[in-house]
Amino acid sequence: MAQQPEIYDPTSVADDEVAFDYIKSPHFQMVLADGAIGSALPNGLVHFALYGERPAIPRRQVYSLDAETGALGSKIESKTISRGSIVREMVCDVVMQPDVARSFAEWLTAVVDDLEEKE
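Residues numbered from 1 in each chain as written. Predicted model: local features only at pLDDT ≥ 70, side-chain atom pairs only at ≥ 80, totals over all residues. Heavy atoms only, no water.

Caption draft 1: Looking closely at the pattern of salt bridges. A complete count under the given rule lists four salt bridges for this structure. Among the salt bridges present, the one from Arg-54 reaches Glu-89, with a minimum N-O distance of 3.0 Å. Here Glu-89 lies in strand E5 (residues 86-96) and Arg-54 lies in strand E2 (residues 46-55), a separation of 35 residues in the sequence. Classification of Arg-54 by relative accessible area gives partly exposed; the value is 28%. (Salt bridge = Lys/Arg side-chain N within 4 Å of Asp/Glu carboxyl O. Helix = DSSP H or I, 4+ residues; strand = E, 2+ residues; numbered from the N terminus. Buried < 20%, exposed > 50% of the residue type's maximum accessible area, 1.4 Å probe, protein only.)

In structure tokens form, the structure reads like this:
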């Protein structure tokens, strides 16, 4: 038999408490961040973008063809067109109030400190 979903009970939260429910936006996704770049905005907000790093994907690769079978042969390196760099692909842009940014930084530092203590 399937479990009945929990039903909100307003009496479960005292008058001097507040409850936060977490739901996922339709745009929610997990991202792996290798770093961040950002700055303070002229309007006083904090801005940063998270990025993932990866080798550049070649814009073009050329392969030889076997004249008899038409089978794909080896790559001709001298004809590869590539950026020749590491790409930092921006995956998420975040803008927040300075007090939220400070709280976020403190929380993130505490999480890292906790991980280091467990090592």
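Caption draft 2: Inspection of a negative patch on the surface at higher detail. A cluster of acidic residues, Asp-113, Glu-116, Glu-117 and Glu-119, forms a negative patch at the surface. Mapped onto the secondary structure, Glu-116 falls in helix H1 (residues 98-118). (Patch = residues over 30% accessible without salt bridge, like charges linked within 9 Å, V, L, I, M, F, W, Y side chains within 5 Å. Areas by Shrake-Rupley, 256 points an atom, 1.4 Å probe, with all protein chains shown as cover. Lys, Arg positive; Asp, Glu negative; His and termini not counted. Charge placed at Lys NZ, Arg CZ, Asp CG, Glu CD.)

Caption draft 3: Local environment of the packing of aromatic side chains. Inspection of the entire model under this criterion finds two aromatic pairs. Arranged with centres 6.1 Å apart and planes meeting at 15°, the rings of Phe-48 and Phe-104 form a pair that is stacked. Separated by 56 residues along the polypeptide, Phe-48 in strand E2 and Phe-104 in helix H1 bring together distant segments of the chain. Of the residues examined, Phe-104 reaches a relative accessible area of 34% and is grouped as partly exposed. Where Phe-104 meets Trp-107, the ring centres are 6.1 Å apart and the plane angle is 25°; that geometry is what we call stacked. In this pair, Phe-104 and Trp-107 both sit in helix H1, three residues apart, roughly one turn of the helix. Aromatic rings pair up to connect Phe-48, Phe-104 and Trp-107 into one cluster. (Phe/Tyr/Trp six-rings, centres within 6.5 Å; stacked < 30°, edge-to-face > 60°.)

Caption draft 4: Molecular detail of the sheet that holds E5. The sheet built from three strands is open, its strands ordered E1-E2-E5 with antiparallel pairing. Every interior strand has two partners, whereas the edge strands, strand E1 (35-40) and E5, have only one. Pairwise comparison of adjacent strand axes, ignoring direction, gives a mean angle of 25° for this sheet. Examined bridge by bridge, E1 and E2 share six bridges and lie antiparallel to one another. Note that in E2 the partner of Ala-40 across the bridge is Val-46. H1 contacts E2 and E5 of the sheet and is inclined by roughly 120° relative to E5. (Pairing = 2+ DSSP bridges. Axes fitted to C-alpha atoms, helices over the stretch in contact; angles between N-to-C directions. Contact = heavy atoms within 4.5 Å.)

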